[in-house]
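Listed below are the residues making up each chain.
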Amino acid sequence: MDEKRAPSEVIFGRNSVQEAIAAGRTINKIFYLESGDNRLWQLVKEAKNAKIPCQAVPYEQLERLAQGLRHQGIAAELAAKDYADWSKCIERLAEAGKQALVLVLDSIQDGHNLGAILRTADAAKVDLVVIPKRRGQALDARVSRASAGAIEFVPVARVANLSQAIRELQSVGFWIYGLAAEGSEVYDEVDYADKTALLIGNEGRGIAQKLREHCDYLLSIPMYGQINSLNASVACALATFAARRSLGSARFD
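Here's what I pulled together on the structure shown here.

1. Focus on the pairing of strand β4 (residues 74–78)
Burial of β4 is extensive: five of the five residues sit out of reach of the surface. Along β4, one buried face is formed by I74, A76 and L78 and the opposite face, lined by A75 and E77, is buried too. Alignment of strand β2 (residues 27–33) against β4, held across five bridges, turns out to be antiparallel. Across the sheet, the residue bridging to K29 is E77, located in β4.

Okay, here's the thing in structure tokens:
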């Protein structure tokens, strides 16, 4: 009989998780038993101190995640690749006289969408993709597969606060272009700034209101059929290539 195995990007057990934290492994999220003991709480506290998102879950959910393996009340989902350092990215993007194209993703939650967006980002020479630590899809094995290898070539920064990240982009010269159905500018008719950040909304609700307030432009994609919206990754692709054509093919170095 074949041994029952959990997905390779998830590790289980207190020692395994503690060693991963100590080694500085890139961890998307830690799941822990909501009714644990003192040792478990100490491990979760250590993870939170390391700025790792943690979520309390019922026993049944951990059992399903572990697929029969012994989990000792805790599991950690490892990232498919390391995230780019946000502070270093901002320093690099702050250089004067350089064009740059950045994608900011507001809580994209589907792994296939994020993978497709990374494929677009590579093809359009996007300099950086920014995603939130919480309420969004992380870089896991599904994203890696959907990206068809693009995940290895596109820097992805994961930030605690998207609003703050957008303000920092604006402080180093970026203009923010949000994709929204009610946008007053058409995505392929607007003049894109030398430093452009495209803000792509969540698959269901679009761009959160607090993020819309940071936008310099809201861009629309004209619809001619009976359906009034596009898949997030498709809309992102259209706007990204429009921005790339406007900026030219030079990539920020």
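2. Things to note about the nonpolar core
By size, the foremost hydrophobic cluster in this structure holds 38 residues, and its most contacted members are L103, L105, L118, V129, Y192 and L198. Of all the elements, helix α9 (residues 232–247) adds the most residues to this core, at seven residues. The residues contacting L105, other than those within four sequence positions of it, are L114, I117, V129, V130, I131, P132, L162 and I200.

3. Looking at the packing of aromatic side chains
Geometry of an aromatic ring pair is reported as the spacing of the ring centres plus the angle between the planes. One pass over the full model with this rule turns up four aromatic pairs. Ring plane angle 45° and centroid distance 4.9 Å describe the contact between Y177 and Y192, whose orientation is recorded as tilted. Of this pair, Y177 sits in strand β8 (residues 175–179) while Y192 sits in the loop between β9 (185–186) and β10 (195–200), placing them 15 residues apart in sequence. Arranged with centres 5.3 Å apart and planes meeting at 5°, the rings of Y177 and Y217 form a pair that is stacked. Of this pair, Y177 sits in strand β8 while Y217 sits in strand β11 (residues 217–220), and the two are 40 residues apart along the sequence. With relative accessibility at 28%, the residue Y217 sits in the partly exposed group.

4. Examining the packing of helix α4 (residues 86–93) against helix α7 (residues 162–171)
Packing of α4 against α7 leaves a shortest axis separation of 9 Å and a crossing angle of 25°. Put simply, α4 runs roughly parallel to α7. The handedness of the crossing between α4 and α7 comes out as right-handed. Touching W86, I90 and L93 of α4 are A165, E168 and L169, all from α7. Across the contact of α4 with α7, the residue classes break down as five nonpolar, no polar and one charged.

5. A word on the sheet that holds strand β6 (residues 128–132)
The strand order β7-β6-β5-β10-β8-β11-β9 describes an open sheet built from seven strands, whose pairing is parallel. Two strands close off the open sheet at either side, each with one partner strand: β7 (156–159) and β9. Note: strand β5 (residues 100–105) against β6, three bridges, orientation parallel. Residue pairing for β6: L103 is matched across the bridge by V129. Strands in contact with α7 are β5, β6, β7, β8 and β10; relative to β5, the strand with the most contacts, it is inclined by about 165°.

6. Some words on the packing of helix α1 (residues 14–22) against helix α2 (residues 38–49)
Here α1 crosses α2 at 20°, and the two axes come no closer than 10 Å. The angle between α1 and α2 places the two elements in the roughly parallel class. The handedness of the crossing between α1 and α2 comes out as left-handed. The residues of α2 that touch α1, namely those facing R14, N15, V17, Q18 and I21, are R39, L40, L43, E46 and A47. For the contact of α1 with α2, a count of residues per class yields five nonpolar, two polar and three charged.

7. With respect to a positive patch on the surface
A contiguous patch of positive charge, built from K48, R134, R135 and K210, is present on the exposed surface. Checked against the element boundaries, R134 lands in the loop between β6 and α6 (141–146). Judged by relative accessible area, which is 47%, R134 ranks as partly exposed.

8. Here we look at the sheet that holds strand β1 (residues 10–12)
Taken in spatial order, the four strands line up as β1-β4-β2-β3 in an open sheet, and their pairing is mixed. Each end of this open sheet is capped by a strand with a single partner; those strands are β1 and β3 (54–57). With strand direction ignored, the average angle separating the axes of adjacent strands in the sheet is 20°. Sheet topology note: the β2/β3 ladder contains four bridges and is parallel.

9. Description of the environment of I131
Topologically, I131 is positioned in strand β6. Apart from residues no more than four positions distant in its own chain, I131 is found in contact with Y83, L105, Q137, V156, A157, R158, V159 and L162.

Rules used throughout
- Residues numbered from 1 in each chain as written.
- Predicted model: local features only at pLDDT ≥ 70, side-chain atom pairs only at ≥ 80, totals over all residues.
- Heavy atoms only, no water.
- Buried < 20%, exposed > 50% of the residue type's maximum accessible area, 1.4 Å probe, protein only.
- Helix = DSSP H or I, 4+ residues; strand = E, 2+ residues; numbered from the N terminus.
- Pairing = 2+ DSSP bridges.
- Core = buried A, V, L, I, M, F, W, Y, C linked by side-chain atoms within 4.5 Å.
- Contact = heavy atoms within 4.5 Å.
- Phe/Tyr/Trp six-rings, centres within 6.5 Å; stacked < 30°, edge-to-face > 60°.
- Axes fitted to C-alpha atoms, helices over the stretch in contact; angles between N-to-C directions.
- Parallel < 35°, antiparallel > 145°, perpendicular 65-115°, else oblique.
- Left-handed = near helix turned anticlockwise from the far one by under 90°.
- Nonpolar A, V, L, I, M, F, W, Y, C, P; charged D, E, K, R; others polar.
- Patch = residues over 30% accessible without salt bridge, like charges linked within 9 Å, V, L, I, M, F, W, Y side chains within 5 Å.
- Areas by Shrake-Rupley, 256 points an atom, 1.4 Å probe, with all protein chains shown as cover.
- Salt bridge = Lys/Arg side-chain N within 4 Å of Asp/Glu carboxyl O.
- Lys, Arg positive; Asp, Glu negative; His and termini not counted.
- Charge placed at Lys NZ, Arg CZ, Asp CG, Glu CD.

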